[in-house]
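# Structural description and commentary
Okay, here's what each chain looks like letter by letter:
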Protein chains: 2
Amino acid sequence: MLAKLTDTGVLKHISVFAEVFCVNKRIGKQTVRLSGGAVIINACGVVGQKEGQGPLRSSFDEILTDDRLGTDSWEQAESALQKHTAILTAERAGLTPGDIDYIFAGDLLNQCIGASYGMRELKIPYFGLYGACSTMAESLALGAMTIDGGFAERVLCVTSSHFCSAEKQFRNPLEYGGQRPPSSQWTVTGAGCAILAKSGQGPKITHVTAGKIVDMGITDANNMGAAMAPAALDTLTAHFEDLNITPDYYDMILTGDLGVIGSDILVKLMAERGFDISGMHSDCGKLIFDIDAQDVHSGGSGCGCCGSVFCGHVYKLLKEKKLKRVLLMATGALMNTMTIQQGESIPAIAHAVAIE
Amino acid sequence: MLAKLTDTGVLKHISVFAEVFCVNKRIGKQTVRLSGGAVIINACGVVGQKEGQGPLRSSFDEILTDDRLGTDSWEQAESALQKHTAILTAERAGLTPGDIDYIFAGDLLNQCIGASYGMRELKIPYFGLYGACSTMAESLALGAMTIDGGFAERVLCVTSSHFCSAEKQFRNPLEYGGQRPPSSQWTVTGAGCAILAKSGQGPKITHVTAGKIVDMGITDANNMGAAMAPAALDTLTAHFEDLNITPDYYDMILTGDLGVIGSDILVKLMAERGFDISGMHSDCGKLIFDIDAQDVHSGGSGCGCCGSVFCGHVYKLLKEKKLKRVLLMATGALMNTMTIQQGESIPAIAHAVAIE
């Protein structure tokens, strides 16, 4: 009888333990709750000269004095930028590459060479990601799940974009001096890196809402904001419904690079769904530049936009407890130049991570 | 006293439970042991006409009669192939998209459009990956960790490549009729899809050894095998050392697409490290074609090579218990055409998953 009681007690405790730490992390359709969470023990944002003249100039950890970083090509420059930002973040966290279990990295360049060439010397197990401009959130989501699942003590999440390599690849060589329509966005020269750990000091990733691919038929590659807003709507609505919370739960709902046009569309669409996010919504693409004075039309874009603004600016506000609850949701447009030439529409995605 | 005993008992049981199910999944430097494992409940390989004339013709789940799949472009054809293979695999598993928690997908095309356009209609939370030809193993690794970590019940892992879209993007338009050096490989037109689940019938993924980026300075884009072999060496050696096992632990050590040249290099390099894999090593790039009769020079390559051969052929051997223990290790070359033009060497990576 006594033994039985004990066993039942044991079983009960174990099932509770299992409930909390191992199983049933899914909430609703698309969201997972991290049981232990993943602490962002350090994050750095490094940007180019134009970004360094913007409103966030005092937030960034470094501002480049040479956007070419002393290399021979814009592609090499982007790899060097991503590598430099990763090493800087690790050093500031007092870590060497050997202390880090995995890298989750990606960028916009064909075959993600910014990440693969940037990370090749670090000798850390590497997972390459492609989420276009949603890559910072995708890397934080998978990195946090990897730690929470017990597979790693520390992971490094990094992404980048470079105005010159992006213009050359997606639009025209700089020398061509092509005109940019008012709806177009300015690819940020910048990189963001965050190091997640099982324990330590810093804001914690508590929930992840992974996005579905949403394609509303937009075909204008110069209006990414409009193409990506419906994906943001889909993920944000799922996040609120899964957790049964309202927008005011967060001090800040930070989108990656919807820009001026996409942000307006998202706020309107969310209002139609009964969620008023006008009070706490911010967009990295709007924050990083002085939209009018810096002639960036609809705002900043690129993996490095969300990367540098979150890791360089918002992370510090979280660390200083000026912000308590932030939902970071980066959006990505998953097309390429050829699909646009072939008349295809633009599939988009948005991944969200809740940070407290 | 009695209460104390009980508590100690409870604590002991809980810590054991924690040990087994939640923490300390890492073994050695690079390997993780899955506590519950992830069952491959179904897998399908679909290939093009040339692949359908090869030695594995009777293994594949489908052989295309039209490599264009009725679309207007080779890029659309690859997306259609990946979509068709994913839907076929889900149907054969008796699942609808709503039953699947996440997609892990990628391919070789710029910005991974094979996956993003292929998966856009499935309305399943999507993680885009870029691991070049290692993508099948990367998706299985992250998918299995996601299930084992308690974040998903079922995930879908899919990848593809297409000879015509790859030749057009990486080399020359088909119409150009460029000559191919003897060391070159033939990009497989094919897709592979595997569905992983927390429980069910089928072979289980038990361990994951994620690879580091290895770059030994090879600059010849027509000799991928030589560029990727050192990465395979690095991951395979780490796997054996982490688990303290020898190659004969496995019935088959299956590399993705090292081809004839890369396979020879790997077997030699492993022998120098004291591991004789000559008896149980196979390579998807060598298995899928009749190397001489089909004029494929060093063998098959591409994400779809490992994808279709593992999901179409080897999975069935595991399911029928003709193979008991397989180590699947896909290798990827992480360069692009521009880095080669700029004189850069080729960084490579290899991810391994142990299946029993």
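Reading the values: the criteria
- Here, residues in each chain are numbered from 1, in the same order as that chain's written sequence.
- Working convention: letters from A go to chains and numbers from 1 go to ligands, in the order in which they are written.
- Restriction of local features to residues with pLDDT of at least 70 applies here, the model being predicted, together with a cutoff of 80 or more for giving and counting side-chain atom pairs; totals for whole chains, interfaces and linings are based on all residues.
- Hydrogen atoms and water are omitted, and side-chain values are computed over all heavy atoms in the structure.
- Where helices and strands are cited, they refer to DSSP runs of H or I of at least four residues and of E of at least two residues respectively, numbered from the N terminus.
- The quantity called the radius of gyration is restricted to C-alpha atoms. Its globule counterpart is 2.2 Å times the number of residues to the power 0.38.
- A simple rule labels every residue: compare its accessible area, found with a 1.4 Å probe on the protein chains alone, to the largest value its type can have, and call it buried under 20%, exposed over 50%, or partly exposed in between.
- Contacts are assigned to residue pairs with any non-hydrogen atoms lying within 4.5 Å of each other.
- Note on areas: Shrake-Rupley, 1.4 Å probe, and residue coverage restricted to the protein chains presented here.
- Residues counted as positive are Lys and Arg, residues counted as negative are Asp and Glu, and His and the chain ends are not counted.
- By convention, the point assigned to a charge is CZ for Arg, NZ for Lys, CD for Glu and CG for Asp.
- Stacked, edge-to-face and tilted are the three classes for Phe, Tyr and Trp ring pairs, Trp counted by its six-membered ring, which pair at centre distances within 6.5 Å; planes under 30 degrees apart are stacked, over 60 edge-to-face, the rest tilted.
- Here the copies are superposed with least squares, the fitted atoms being C-alpha atoms of residues at a pLDDT of at least 70 in both.
- Of the two site types, the cavity is a set of points on a 1 Å grid over the protein atoms alone where a 1.4 Å probe fits but cannot get out, and the pocket is an open set with protein on both sides within 12 Å along at least five of seven lines, each lined by residues with an atom within 4 Å of a point.
- Grid points are joined across faces, edges and corners, and a volume is the space filled by probe spheres set on the points.
- The span one expects for a helix is its residue count, reduced by one, times 1.5 Å.

Going by what an unreviewed UniProt entry lists, chain A is known as Stage V sporulation protein AD and is assigned to Candidatus Ornithomonoglobus intestinigallinarum.

What chain A contains, in helices and strands, is 10 helices and 14 strands. Since a compact globule built from 356 residues should have a radius of gyration of about 21 Å, the 20 Å found for chain A is in line with a globular shape. Each principal axis of the C-alpha distribution contributes one length, and for chain A these read about 85 × 50 × 40 Å. Looking at chain A as a whole, 65% of its 356 residues qualify as buried. Considering only contacts within chain A whose residues lie at least 6 apart along the sequence, 77% involve residues at least 24 apart. Carbon and sulfur atoms provide 53% of the accessible area of chain A, an area that totals close to 12,100 Å². Side-chain charges of chain A comprise 29 positive and 38 negative groups, with the mean position of each set lying 7 Å from the other.

Turning next to the packing of aromatic side chains. Tallying each qualifying case throughout the model produces 12 aromatic pairs over all chains. Judged by centre distance (5.3 Å) and plane angle (35°), the ring pair of Y102(B) and F127(B) falls under tilted. Taken together, the residues Y102(B) in strand 4 (residues 102-107) and F127(B) in strand 5 (residues 126-128) connect sequence positions 25 residues apart. Note on accessibility: Y102(B) and F127(B) belong to one class, buried. Among the aromatic residues, those joined into a cluster by ring pairs are Y102(A), F104(A) and F127(A).

Okay, the relation of the copies chain B and chain A next. Mapping chain B onto chain A calls for a rotation angle of 180° and an axial translation of 0.0 Å; the resulting RMSD is 0.0 Å. In the structure described here, the two chain copies are related by an operation that fits a two-fold rotation axis. Counting the interface residues of chain B, we find that 99% of their copies in chain A are interface residues as well, pointing to one common contact surface.

Inspection of the secondary structure puts D292(A) in the loop between helix 8 (284-287) and strand 12 (300-301). Counting along the chain gives 20 residues from D292(A) to G312(A), while the straight-line C-alpha distance between them is 23 Å.

In this section: empty space enclosed by the protein. Following the criterion strictly, the structure yields 1 cavity of 30 Å³ or more and no others. Quantified by volume, the largest cavity comes out at close to 50 Å³. What lines the largest cavity is L142(A), M145(A), T146(A), F151(A), L142(B), M145(B), T146(B) and F151(B). Those elements that place two or more of their residues in the lining of the largest cavity are helix 4 (135-148) of chain A together with helix 5 (135-148) of chain B.

Bringing helix 2 (residues 74-92) of chain A into the picture now. Residues and elements named next belong to chain A. The end-to-end C-alpha distance of helix 2, which contains 19 residues, comes to 27 Å, matching closely the 27 Å that a straight helix rising 1.5 Å per residue would cover. Within helix 2, the full set of buried residues consists of E75, Q76, A77, E78, S79, L81, Q82, T85, A86, L88, T89 and A90. Remark: G94 follows helix 2 within two positions and exhibits a positive phi of approximately 70°.

Residue and element names in this part refer to chain A. Position of G106 relative to the elements: it lies in strand 4 (residues 102-107). What makes G106 buried here is its relative accessible area of 0%. G106 sits 135 residues away from E241 along the chain, and the two C-alpha atoms are 30 Å apart. Residues in contact with G106, not counting those within four places in the same chain, are Q82, A115, L129, T135, V158, T159 and S160.

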